[in-house]
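Listed below, chain by chain, are the residues.
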Amino acid sequence: MHPKTIPAFIITAVCACFCTASLNAAELPQNIDAALSLIIKTAVYIEEAPKAEPKPNTNYVQGCRYAKPIPDIADDDTSYDYFFENSVFCGDSLMQGFQLYCQYVGNNFFNNPTFLASKSFSLKEALRPVTESSRHPYYQGQKMLIEEAIAAANAKRAFLLFGTNDMVGLTPEETKKEYNDLIYRIHKLSPDTKIYVIGATYIYSSGQKPGFTNENLRKFNDSMYEYCKGFDYLEFINIGDRLIGADDGLKAEYCSDSYVHMTIDGYRVWTKVLRAYAKDFLEIENTSD
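Small disclaimer: the values here were computed from a predicted structure and weren't measured.

**Q** Describe the overall build of the chain, and please don't skip the residues or the numbers.
**A** Assigned secondary structure in the chain consists of nine helices and seven strands. Here the chain holds 289 residues, and the buried ones make up 54% of them. In the chain, the share of contacts with a sequence separation of at least 24, taken over all contacts with a separation of at least 6, comes to 75%. Looking at the chain as shown, the accessible area adds up to about 13400 Å², and 50% of this sits on carbon and sulfur atoms.

Structure, rendered in structure tokens:
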């Protein structure tokens, strides 16, 4: 398959995900880049920032001090994908983009996990009751609370990606409290489900706004990392630090809109980090046996 050609079933999936958009055949995305762009355009909380070259973040002592190496795992190495069997991935438009990427790659990618993702979804929205106008995702044709959908799926593992939309208007401390509330709800209904908090990814430096900064996102991630260490059913996965450049913001090659959304290459990094995590976990598990 040509790397820039998107199969018809993905176009169908995109249209299904964005049923509120009015599209005719001529407007359908013809490649994965265009499809990812469609996700961006349907976001409500995330506004597109004007394109500009990133500027060094002077809040940090030296550039790129937080960057971490990308795991050396081949794109087609599926040796540990069975780790993701019976998993759910929950989140906002960033997670929808990863869902689209998984469909694009195909071939039982990550053992076909369930996605509970919705455009402009947030922790605040997840904690609210389901209504006709709410942004809760659908599971088996029914709009559901995240914790109820995870329980209905009888998921072994739940991967959560939240915080970006909340941090537009809340402090790191307020966002962490909402995350704690959602995690509590999930664990209460699914005590045997392992929960993996994927740290919020960062902003293209020129797209930062008052309050919505990489510094605040890092404070939020640091607080969630510390929180996860206190519970045996929680793990924290750091993808964001593999995607930043010398200014500690999202690198241009991984950013599709000079703001927060990902390119295909960005999602390739996601895949490598998640597979490396699965590899390390399973090797430790096999050693302990």
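**Q** For the pairing of strand 5 (residues 157-161), give the residues involved together with the corresponding values.
**A** In regular strands, side chains alternate between the two faces of the sheet. Within strand 5, five of the five residues are buried, leaving the element largely enclosed by the surrounding structure. Neither face of strand 5 is left uncovered, since the one carrying R157, F159 and L161 and the one carrying A158 and L160 both have all their residues buried. Alignment of strand 1 (residues 87-91) against strand 5, held across five bridges, turns out to be parallel. Counterpart to F89 in the pairing with strand 5 is F159.

**Q** If you had to explain the packing of aromatic side chains to someone new, which residues and values would you point to?
**A** We describe a pair of aromatic rings using the distance from one ring centre to the other and the angle between the two ring planes. Per the stated rule, a full pass over the model turns up 31 aromatic pairs. Seen in terms of ring centroids, F84 and F159 are 5.7 Å apart; in terms of plane orientation they differ by 45 degrees. Their pairing is tilted. Note that F84 is positioned in the loop between helix 2 (32-42) and strand 1 and F159 in strand 5, a separation of 75 residues in sequence. When its relative accessible area of 0% is taken as the criterion, F84 is described as buried. Note on F159: relative accessible area 0%, which makes it buried. Between the aromatic rings of F159 and Y196, the centroid separation amounts to 4.6 Å while the plane-to-plane angle is 15 degrees, which identifies the pairing as stacked. Of this pair, F159 sits in strand 5 while Y196 is found in strand 6 (residues 194-198), placing the two residues 37 residues apart along the sequence.

Reading guide: rules and limits
Residues numbered from 1 in each chain as written. Predicted model: local features only at pLDDT ≥ 70, side-chain atom pairs only at ≥ 80, totals over all residues. Heavy atoms only, no water. Helix = DSSP H or I, 4+ residues; strand = E, 2+ residues; numbered from the N terminus. Buried < 20%, exposed > 50% of the residue type's maximum accessible area, 1.4 Å probe, protein only. Contact = heavy atoms within 4.5 Å. Areas by Shrake-Rupley, 256 points an atom, 1.4 Å probe, with all protein chains shown as cover. Pairing = 2+ DSSP bridges. Phe/Tyr/Trp six-rings, centres within 6.5 Å; stacked < 30°, edge-to-face > 60°.

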